[in-house]
Amino acid sequence: ILQLVHFLTDATRGLGLDWDTCIAPNLTALQAQADICDEQLARADGTTENRYRSSGFFYMTTDPVEVIGSILATCDGWMTENGDGTVAIVVGKYQAPSITFTDAHIIGFEISKGVPDEEVINEIRFTFNAPDNDYREAPGVPWDDAASIAEVGRVRSKQVGFNWVHSWTQARRLAKRAMARNQASMRGTITTTLYGLQALGKRWVAVQSDIISDFSNIVIEISKARIDIASSR
């Protein structure tokens, strides 16, 4: 989080966003996300490590989008803009939603259930920059879904690179989260009234519907939001 805020606001080496406008009003929330990254997790050998740590470098010619993506990849990060124009960053640890959509807010929806057979991913292969490999790219132990492999009858892999991660256990945690997202039981689009503006800057929102059985009591992770003011949606 500290790296990303620094890059976003540094006028010489980053994007030069205005601190007082984009960061300061949401500083408390950003500090909370930084604290999550610093949470100590136990390793199998009895030691502990930060939940998420980012260790990398970039050249001045590197595309800023690539730099931002590299940092976000180290924490399963999610970045967007709040309704007031401030930057919102949420790392990969579930937090109960504070916004709920009900039938009064839902205008329409399009969903697909499960994952088509040809799109099933049951193994996440990953690389990270290993200290014992002179901080060069090295493969980690893949995260797999044994039940899915047995059901499908074959391994279907997806390759992911964590170039700014030096810990293989951190990379494994990230691979596990990537697997869960790939295997989402339902995905699609919900169209809401302008009440949906309340969800800007939120990674997770609750949905409680008395009409749509699939939405009776669920939590969704927002991957993209669009606003259509002309249609009030």
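Because the structure is a prediction, the values reported are computed rather than measured.

Procedures and definitions
- Residues numbered from 1 in each chain as written.
- Predicted model: local features only at pLDDT ≥ 70, side-chain atom pairs only at ≥ 80, totals over all residues.
- Heavy atoms only, no water.
- Helix = DSSP H or I, 4+ residues; strand = E, 2+ residues; numbered from the N terminus.
- Expected span 1.5 Å × (residues − 1).
- Buried < 20%, exposed > 50% of the residue type's maximum accessible area, 1.4 Å probe, protein only.
- Contact = heavy atoms within 4.5 Å.
- Patch = residues over 30% accessible without salt bridge, like charges linked within 9 Å, V, L, I, M, F, W, Y side chains within 5 Å.
- Areas by Shrake-Rupley, 256 points an atom, 1.4 Å probe, with all protein chains shown as cover.
- Salt bridge = Lys/Arg side-chain N within 4 Å of Asp/Glu carboxyl O.
- Pairing = 2+ DSSP bridges.
- Polar contact = N/O pair within 3.5 Å; in protein donor to acceptor, adjacent residues only side chain to side chain.

Here we take up helix 6 (residues 168–182). The end-to-end C-alpha distance of helix 6 is 21 Å, a good match for the 21 Å that 15 residues give at a rise of 1.5 Å each. Listing the buried residues of helix 6 in full gives Thr 169, Gln 170, Ala 171, Leu 174, Ala 175, Ala 178 and Met 179. Contact partners of the buried residues in helix 6: strand 2 (48–50), helix 4 (64–73), strand 7 (123–130), strand 9 (143–144) and strand 10 (157–162).

A cluster of nonpolar side chains, Leu 194, Leu 197, Ile 227 and Ile 229, forms an exposed patch at the surface whose accessible area comes to about 340 Å². Here Leu 197 is to be found in the loop between strand 11 (186–192) and strand 12 (204–208). Relative accessible area serves as the criterion here: at 37%, Leu 197 is assigned to the partly exposed category.

Moving on: the pairing of strand 4 (residues 87–90). Both faces of strand 4 are covered, namely the face carrying Val 87 and Ile 89 and the face carrying Ala 88 and Val 90. Bridging between strand 3 (residues 78–81) and strand 4 involves 4 bridges; their strand directions are antiparallel. From the neighbouring strand, Glu 81 faces strand 4, where its bridge partner is Val 87. Hairpin connection, strand 3 to strand 4: the antiparallel pair is bridged by 5 residues, and Gly 85 has positive phi, about 90 degrees.

Relative to the elements of secondary structure, Thr 127 occurs in strand 7. Accessibility expressed as a relative area gives 12% for Thr 127, which makes it buried. In contact with Thr 127, other than residues within four places in its own chain, are Glu 137, Ala 138, Pro 139, Gln 159, Val 160, Gly 161 and Phe 162.

Looking at where Asn 122 falls in the secondary structure, it is placed in the loop between strand 6 (106–113) and strand 7. Residue Asn 122 is classed as buried on the basis of its relative accessible area, which comes to 0%. Leaving out residues up to four positions away in the same chain, Asn 122 has contacts with Trp 143, Asp 144, Asp 145, Ser 148, Ile 149, Val 152, Arg 154, Val 155, Arg 156 and Met 179. Reaching out from Asn 122, the side chain makes a polar contact with the backbone oxygen of Arg 154 at a distance of 3.1 Å. Separated by 2.7 Å, the side chain of Asn 122 and the backbone nitrogen of Arg 156 make a polar contact.

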